[in-house]
Amino acid sequence: MDTCPTKVFLEEAARSHRLWAFFHVAAYTGARRGELLWLRWSDVDLDAAEIRIARSVSVIDGRRVESSTKSERTRVVGFGAETVAVLRRHRVEQDRECEVLGEAWKGDPDGYVFTTA
């Protein structure tokens with residue numbers, strides 16, 4: 001049986017992790033970690049199945065440092081129906097977290113796609 005290690009990771013190990021959607025999007029779009037950490041919901045078009053990558057973020061000495069992408073260009077990355085479903089589910093879960101946490105929620109509804117706990 002020929003199995004892809006990335007697929008095995010996503011199906012077995014990562015699915016129970018809070019950032020499973022992050023791992024999935026990284027694997028299926030080729031976006032860099034910093035690009036995904038910058039990604040905002042306004043950059044996600046689930047109907048067109050694509051994301052617009054315009055910025056990146058790094059953490060240096062414990063501080064968030066925002067910058068341009070490695071190529072210093074904005075690019076649009078398409079993905080398949082499975083990734084659309086993953087992102088839709090992630091949005092529902094994020095909205096639920098926001099609702100449960102109420103005032104303790106640190107993000108904003110149209111903010112970052114991938115947030116801390």
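Residues numbered from 1 in each chain as written. Predicted model: local features only at pLDDT ≥ 70, side-chain atom pairs only at ≥ 80, totals over all residues. Heavy atoms only, no water.

### A closer look at the packing of aromatic side chains
Turning to step 1, where the next piece is worked out: Tallying each qualifying case throughout the model produces three aromatic pairs.
Turning to step 2, where the next piece is worked out: Seen from their ring centres, Phe 22 and Phe 23 are 6.2 Å apart, and the 75° between their planes marks the pair as edge-to-face.
Turning to step 3, where the next piece is worked out: Relative accessible area serves as the criterion here: at 12%, Phe 22 is assigned to the buried category.
Turning to step 4, where the next piece is worked out: Relative accessible area serves as the criterion here: at 26%, Phe 23 is assigned to the partly exposed category.
Turning to step 5, where the next piece is worked out: Counting every residue linked through ring pairs, the aromatic cluster contains Phe 22, Phe 23 and Phe 114.
Turning to step 6, where the next piece is worked out: In this arrangement the basic side chain of Arg 40 is found over the ring face of Trp 38, its NZ or CZ atom lying 4.6 Å from the centre.
Turning to step 7, where the next piece is worked out: Positioned above the aromatic ring of Tyr 112, the side-chain terminus of Arg 40 is 4.3 Å from the ring centre. (Phe/Tyr/Trp six-rings, centres within 6.5 Å; stacked < 30°, edge-to-face > 60°. Buried < 20%, exposed > 50% of the residue type's maximum accessible area, 1.4 Å probe, protein only. Lys NZ or Arg CZ within 6 Å of the ring centre and 35° of its normal.)

### What about the sheet that holds strand S2 (residues 50–53)?
Turning to step 1, where the next piece is worked out: Pairing is antiparallel across the open sheet formed by three strands, whose spatial order is S1-S2-S5. Two strands lie at the open edges of the sheet, namely strand S1 (44–45) and strand S5 (75–78), each paired on one side alone.
Turning to step 2, where the next piece is worked out: Sheet analysis places S1 next to S2, joined by two bridges and oriented antiparallel. In the sheet register, Val 44 faces S2, and the bridge partner there is Ile 51. (Pairing = 2+ DSSP bridges. Helix = DSSP H or I, 4+ residues; strand = E, 2+ residues; numbered from the N terminus.)

These figures capture arrangement, not role.
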